[in-house]
Amino acid sequence: MAVDTQFHVLAVDDSLIDRMLIERLLRTSSFQVTAVDSGTKALELLGLQGNHEEGEQEQHEDHHDMEVNLIITDYCMPEMTGYDLLRKIKESENLKNIPVVIMSSENIPSRINRCLEEGAEEFLLKPVQLSDVDRLKPHLMRTKSRPHDQKEESE
């Protein structure tokens, strides 16, 4: 029964320690968490494959199995930065409404502004704390109340 009200967060960070920390903070706040170590893996889970365009439609069906209410991603990662991941999500018709939060240990105003302008809901400075997780809740509430999501839950 608790699963119906539990929010699902996709956490993306190439650092195992940072990934474990954000996972623990989110679970402490009763979130369901899926953690991956790269933007590419996040896109695969979401049904968007960056490398194979012809495989995109096949993988799209997986997205319906895994409803994500929020994505929290590190900014600095090899291969694909958090900013690149944010852009790919916001360019996708099916994913653009999922709130994205960027994390970074570097307080660079131009980077923060660029992410917020591109559609990030928040930019959190590491180390992320429990009070930061509380700031995510209004964004989650907004996604959970969409009629589209409620329809999927009843199926």
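Quick caveat, the model's predicted, so the values are computed rather than measured.

> What is the right way to read the overall build of the chain from this model?
Helix and strand content of the chain: eight helices and five strands. Secondary structure elements of the chain occur, N-terminal to C-terminal, as α-β-α-β-α-α-β-α-β-α-β-α-α. Within the chain, buried positions represent 45% of all 155 residues. Residue pairs at least 24 apart in sequence account for 63% of intrachain contacts in the chain once pairs closer than 6 positions are excluded. Summed over all atoms, the accessible surface of the chain reaches about 8,600 Å², with 48% contributed by carbon and sulfur.

> Mind showing me how you'd approach the UniProt feature "modified residue: 4-aspartylphosphate" (unreviewed entry) in the chain here?
The sites that UniProt annotates as "modified residue: 4-aspartylphosphate" (unreviewed entry) are D74. In this structure, D74 sits in strand β3 (residues 70-74). Note on D74: relative accessible area 6%, which makes it buried. When sequence neighbours within four positions are dropped, the list of residues in contact with D74 reads V12, D13, D14, G82, M103, S104 and K126.

> Got a minute to help me understand the nonpolar core in this structure?
For soluble globular proteins, nonpolar side chains are generally found buried alongside one another. Counting residues in each nonpolar core, the largest one holds 25 residues, and the members touching the most others are L10, V12, L46, I71, I89, I102 and C115. Of the residues forming this core, the biggest block, four residues, is contributed by helix α5 (residues 82-91). Setting aside its immediate chain neighbours within four residues, V12 contacts V36, S38, G39, A42, I71, I72, T73, D74, M77, L85 and M103. Membership of the second largest hydrophobic core comes to 17 residues, among which are I22, L26, L70 and V101.

> Can you walk me through the packing of aromatic side chains in this structure?
Pairs of aromatic rings are described using the distance from one ring centre to the other and the angle between the two planes. The final tally for this structure, using the stated rule, is one aromatic pair. With a centroid separation of 6.4 Å and 55° between ring planes, the pair formed by F7 and F31 is classed as tilted. In this pair, F7 sits in the loop between α1 (2-5) and β1 (8-12) while F31 sits in the loop between α2 (16-28) and β2 (32-36), placing the two residues 24 residues apart along the sequence. Each member of the pair, F7 as well as F31, carries the same accessibility label: buried. A cation over an aromatic ring shows up here: R114 above the ring of Y83, its NZ or CZ 4.0 Å from the ring centre.

> So what exactly am I meant to see when it comes to the sheet that holds β2 here?
Within a sheet, adjacent strands bond to each other through the backbone by hydrogen bonds, running parallel or antiparallel. Overall, parallel pairing links the five strands, which are arranged β2-β1-β3-β4-β5 in an open sheet. Since the sheet does not close on itself, it has two edges, and those belong to β2 and β5 (122-125), each with one partner. Pairs of neighbouring strands in the sheet enclose a mean axial angle of 20°, with direction left out of account. In the packing of helix α6 (residues 109-117) onto the sheet, contacts are made with β4 (100-104) and β5, and the angle to β5 comes to roughly 150°.

> I keep staring at the pattern of salt bridges and nothing clicks. Help me out?
Pairing is possible between side chains of opposite charge, provided their charged atoms come close. Applying the stated criterion across every chain, the model contains 12 salt bridges. The residue D13 makes a salt bridge to K126 at a minimum N-O spacing of 2.8 Å. A residue pair is termed long-range when its members are at least 10 positions apart, and D13 in the loop between β1 and α2 and K126 in the loop between β5 and α7 (130-144) qualify at 113 residues. On the basis of relative accessible area, D13 is assigned to the buried category, the value being 0%. With relative accessibility at 17%, the residue K126 sits in the buried group. K96 is paired through a salt bridge with E93; the nearest N and O atoms lie 3.0 Å apart.

Rules used in this analysis
- Residues numbered from 1 in each chain as written.
- Predicted model: local features only at pLDDT ≥ 70, side-chain atom pairs only at ≥ 80, totals over all residues.
- Heavy atoms only, no water.
- Helix = DSSP H or I, 4+ residues; strand = E, 2+ residues; numbered from the N terminus.
- Buried < 20%, exposed > 50% of the residue type's maximum accessible area, 1.4 Å probe, protein only.
- Contact = heavy atoms within 4.5 Å.
- Areas by Shrake-Rupley, 256 points an atom, 1.4 Å probe, with all protein chains shown as cover.
- UniProt positions renumbered as here; feature names shortened; annotations may be inferred.
- Core = buried A, V, L, I, M, F, W, Y, C linked by side-chain atoms within 4.5 Å.
- Phe/Tyr/Trp six-rings, centres within 6.5 Å; stacked < 30°, edge-to-face > 60°.
- Lys NZ or Arg CZ within 6 Å of the ring centre and 35° of its normal.
- Pairing = 2+ DSSP bridges.
- Axes fitted to C-alpha atoms, helices over the stretch in contact; angles between N-to-C directions.
- Salt bridge = Lys/Arg side-chain N within 4 Å of Asp/Glu carboxyl O.

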